[in-house]
Amino acid sequence: MTPAYSSLTRALADALVDVAWFIDGADDEQMDPDDAVKALEGIGATLGRLSHDQRSELLGVLGAMAEAEGDAVRREFLSAFPGDFGLLDE
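Residues numbered from 1 in each chain as written. Predicted model: local features only at pLDDT ≥ 70, side-chain atom pairs only at ≥ 80, totals over all residues. Heavy atoms only, no water.

## With respect to the environment of G63
Heads up, the rule is: Runs of H or I in DSSP of at least four residues are treated as helices and runs of E of at least two as strands, each being numbered from the N terminus. Any residue under 20% of the maximum accessible area for its type is buried, any over 50% is exposed, and the rest in between are partly exposed; the area is computed with a 1.4 Å probe on protein chains only.
Here G63 is to be found in helix α3 (residues 52-68). Taking relative accessible area as the criterion, G63 reaches 30% and is therefore assigned partly exposed. For the pair formed by G63 and T46, sequence separation is 17 residues and the distance between their alpha carbons is 19 Å.

Rendered as structure tokens:
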């Protein structure tokens, strides 16, 4: 059986992006706006604690995900993800 993901990093990045995508797109009926902000800030805080090597690996995975994404809106979200979540700040 062939694994669905090439690495654990790829699998976790996919899950993380899916969660952030949902939270970012949720309306007030789906999620309290204050809770949404807290959740997205939590993601940013966690990513801010990555080592330089971990950050580089994740940036590579996110770049590959953006290139492979067929949906233009999601591709834009993926492309903006590193800047939006502080991965480019060092």
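Once the structure has been displayed, the description carries forward.
## Let's talk about the packing of aromatic side chains
This is how it is decided: Aromatic rings from Phe, Tyr and Trp, taking only the six-membered ring of Trp, are treated as a pair when their centres fall within 6.5 Å; an angle between ring planes under 30 degrees marks them as stacked, one over 60 as edge-to-face, and anything in between as tilted. Geometrically, a charge over a ring is one whose NZ (Lys) or CZ (Arg) sits within 6 Å of the ring centre while staying within 35 degrees of the ring normal.
Taken as a whole and assessed by the stated rule, the structure comprises 3 aromatic pairs. Taking 5.2 Å as the distance between ring centres and 80° as the angle between the ring planes, the aromatic pair formed by W21 and F77 counts as edge-to-face. Of this pair, W21 sits in helix α1 (residues 8-25) while F77 sits in helix α4 (residues 72-84); the two residues are 56 residues apart in sequence, bridging distant segments of the chain. For W21, a relative accessible area of 32% puts it in the partly exposed group. Both rings, one in F77 and one in F81, keep their centres 6.2 Å apart while their planes meet at 65°; by these two values the pair is edge-to-face. Taken together, the residues span about one helical turn, with F77 and F81 both in helix α4 at a distance of 4 residues. Relative accessible area serves as the criterion here: at 12%, F77 is assigned to the buried category. Among the aromatic residues, those joined into a ring-pair cluster are W21, F77, F81 and F85. Sitting above the plane of the W21 ring, R74 keeps its charged end 5.3 Å from the centroid.

## Digging into the pattern of salt bridges
Using the following cut-off: For salt bridges, the criterion is a side-chain nitrogen of Lys or Arg within 4 Å of an Asp or Glu carboxyl oxygen.
Taken as a whole, this structure holds 3 salt bridges when the rule is applied. Put simply, E69 and R74 hold a salt bridge, and the shortest N to O gap is 3.5 Å. Taken together, the salt bridges that share partners define one network made up of D18, E69 and R74.

## Description of the layout of surface pockets
Put simply, the test is: Using a 1 Å grid laid over the protein atoms alone, points where a 1.4 Å probe fits but cannot get out form a cavity; open sets with protein on both sides within 12 Å along at least 5 of 7 lines form a pocket; any residue with an atom within 4 Å of a point counts as lining. Grid points are joined across faces, edges and corners, and a volume is the space filled by probe spheres set on the points. Only Asp, Glu, Lys and Arg are considered charged, only Ala, Val, Leu, Ile, Met, Phe, Trp, Tyr, Cys and Pro nonpolar, and every remaining residue, Gly among them, polar.
Roughly 290 Å³ of volume is contained in the largest pocket. Considering the residues around the largest pocket, the lining is formed by L8, T9, L12, A13, L16, I43, T46, L47, L50, Q54, E57 and L58. Broken down by secondary-structure element, the contributors of at least two residues to the lining of the largest pocket are α1, α2 (33-48) and α3. Classifying every residue of the lining of the largest pocket by side-chain character gives 8 nonpolar, 3 polar and 1 charged.

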